[in-house]
Amino acid sequence: MGGTTKGSGWALFWFLLGFTILGTAAAGGGMISLVAGIAVIGMSFVMFKAVRAAEES
């Protein structure tokens, strides 16, 4: 069991950034903020899965 890798850290960063963008949508950012937040969160999930697969090999 290893620690957090650089790739996992970046995936977490993008995940948290996605929630921040969604927060701006709730505060009045509109539809663009909503779509951008969902896209960034989705990208972070894909990135995290790729990093986990590389760590397990």
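Remember, it's a predicted structure, so these values are computed and weren't measured experimentally.

Caption draft 1: Representation of the overall build of the chain. Within the chain, the regular secondary structure consists of 2 helices and 0 strands. Considered along the principal axes of its C-alpha atoms, the chain spans approximately 45 × 15 × 10 Å. The 57 residues of the chain split such that 19% are buried. Pairs at least 24 apart in sequence give 50% of the contacts found in the chain among residues at least 6 apart. Looking at the chain as shown, the accessible area adds up to about 4,100 Å², and 75% of this sits on carbon and sulfur atoms.

Caption draft 2: Structural detail: helix H1 (residues 6–29). Those residues of H1 that sit buried are Ser8, Ala11, Gly18, Ile21 and Ala25. Against helix H2 (31–56) lie the buried residues of H1. Where H1 terminates, the next one or two residues include Gly30, which has phi positive at roughly 90°.

Caption draft 3: Spatial organisation of a nonpolar patch on the surface. A contiguous nonpolar surface patch, about 390 Å² in accessible area, is contributed by Met31, Leu34, Val35 and Ile38. The residue Met31 is located in helix H2 in this model. On the accessibility criterion, Met31 (58% relative accessible area) is exposed.

Thresholds applied
Throughout, residues of each chain are indexed from 1 in the direction in which the sequence is written. Local features are withheld for residues below a pLDDT of 70 in this predicted model, meaning they are given only at 70 or higher, and side-chain atom pairs are given and counted only at 80 or more; totals for whole chains, interfaces and linings count all residues. The basis for every side-chain value is the complete set of heavy atoms in the structure, and neither hydrogens nor water enter the calculation. Helix and strand definitions here come from DSSP, where helices need a minimum of 4 consecutive H or I residues and strands a minimum of 2 consecutive E residues; each element is numbered from the N-terminal end. Type-normalised accessible area, obtained with a 1.4 Å probe on protein chains alone, sets the label of each residue: buried when under 20%, exposed when over 50%, and partly exposed for intermediate values. Two residues qualify as a contact provided that any one of their heavy atoms is within 4.5 Å of a heavy atom in the partner residue. The protein chains shown are the only cover counted for residues, whose accessible areas, like all others here, come from Shrake-Rupley with a 1.4 Å probe. What makes a patch is a set of residues exposed beyond 30% relative accessible area and free of salt bridges, joined within 9 Å when like-charged and within 5 Å when nonpolar (Val, Leu, Ile, Met, Phe, Trp, Tyr). When a carboxyl oxygen of Asp or Glu is within 4 Å of a side-chain nitrogen of Lys or Arg, the pair counts as a salt bridge.

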